[in-house]
Amino acid sequence: EDKVVQSPLSLVVHEGDTVTLNCSYEVTNFRSLLWYKQEKKAPTFLFMLTSSGIEKKSGRLSSILDKKELFSILNITATQTGDSAVYLCAGNYNTDKLIFGTGTRLQVFP
Amino acid sequence: GAVVSQHPSRVICKSGTSVKIECRSLDFQATTMFWYRQFPKQSLMLMATSNEGSKATYEQGVEKDKFLINHASLTLSTLTVTSAHPEDSSFYICSASRGGSTDTQYFGPGTRLTVL
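The structure presented is a predicted model; accordingly, all values stated were derived computationally and were not measured.

The next point concerns the sheet that holds strand S3 (residues 19-25) of chain B. Residue and element names in this part refer to chain B. The strand order across the open sheet formed by four strands is S1-S3-S8-S7, and the pairing between neighbours is antiparallel. The sheet terminates laterally at strand S1 (4-7) and strand S7 (67-73), the two strands that pair on one side only. Sheet twist, expressed as the average angle between the axes of neighbouring strands with direction ignored, equals 15°. Pairing of S7 with strand S8 (residues 76-81), which is carried by five bridges, proceeds in the antiparallel orientation. Within S8, the position partnered with Asn-70 by the bridge is Thr-78.

Next up, the structure:
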């Protein structure tokens, strides 16, 4: 059965800390792995990873995929209170379908 | 950009009524649209996939007669929750994709449905 597992389920840090969010997947016909940030409403797209070992960066956020180990991480450096959200990892399979993990709830306190 | 809108953002209805939710891609043509539901503190669960002009493909366990999906054009898909019951109360989110192997899904802001 296809699944995406994220860890930790929740994380509480202080501003300025660096965090690493983990995502492992078992997805048949895997095509890519995506990271989303979800605050109070719908998820907003962060990264799409298709190739192993190539880091994608956007400001303080970065992500990398390991297709051999079926694993991805999302790093956030110098966290800010605005980073508080649920971070979702999703595996893309078949045509455009996504299977989501349960998310990591990040809380950043001042 | 790739903007997806949903309407309404929030709806409260009585048990037994039907509710229609619209999903529009505002600045691109969406080959495929997806409908998800999300219960509190849970992840998004795919309900169905729809392609313009053809019948939607429903995920296992999703009743197609209860959740009617119409994808009438490349920019509009609708989800109708028929004879809604309190257990249908949830956050419904649509997403749209241009298609192609490298495109991602762009999510609408979601619709919170409360059935009394």
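Time to look at the state of the cysteines. All chains considered together, the criterion is met by two disulfides over all chains. Residue A:Cys23 pairs covalently with A:Cys89 via a disulfide, S to S 1.8 Å. Torsion about the S-S bond of the A:Cys23 and A:Cys89 cystine: about -55°, corresponding to left-handed handedness. Taken together, the residues A:Cys23 in strand S3 (residues 19-26) and A:Cys89 in strand S9 (residues 85-93) connect sequence positions 66 residues apart. Both residues of the pair, A:Cys23 and A:Cys89, count as buried. Here B:Cys23 pairs with B:Cys94 through a disulfide, and the sulfurs are 2.0 Å apart. With the S-S bond torsion at 80°, the cross-link from B:Cys23 to B:Cys94 turns out right-handed. Here B:Cys94 lies in strand S9 (residues 90-97) and B:Cys23 lies in strand S3, a separation of 71 residues in the sequence. Assigned by exposure class, B:Cys23 and B:Cys94 land together as buried. Counting only cysteine sulfurs, B:Cys94 is the nearest neighbor of B:Cys13, a cysteine outside any disulfide, at a range of 18 Å.

What counts, and at which threshold
Within each chain, residue numbers correspond to sequence positions counted from 1 in written order. As they are written, the chains are lettered A onward and the ligands numbered 1 onward, keeping that order. With pLDDT at 70 or above as the cut-off, local features in this predicted model cover only qualifying residues; side-chain atom pairs require 80 or more to be listed or tallied, and sums for whole chains, interfaces and linings still use all residues. No hydrogens and no water enter the side-chain calculation; it runs on all heavy atoms of the structure. Paired strands, as defined in this entry, are two strands with at least two bridges between them according to DSSP. Put simply, DSSP marks the helices as runs of H or I at least four residues long and the strands as runs of E at least two long, and each gets a number from the N terminus on. Here an axis means a line fitted to C-alpha atoms, over the contact stretch when the element is a helix, while the angle between two N-to-C directions is reported on a 0 to 180 degree scale. Throughout, disulfides are identified as pairs of cysteine sulfur atoms within 2.5 Å of each other. For each residue, the accessible area found with a 1.4 Å probe, counting protein chains only, is set against the maximum for its type, and the residue is called buried under 20%, exposed over 50%, and partly exposed in between.

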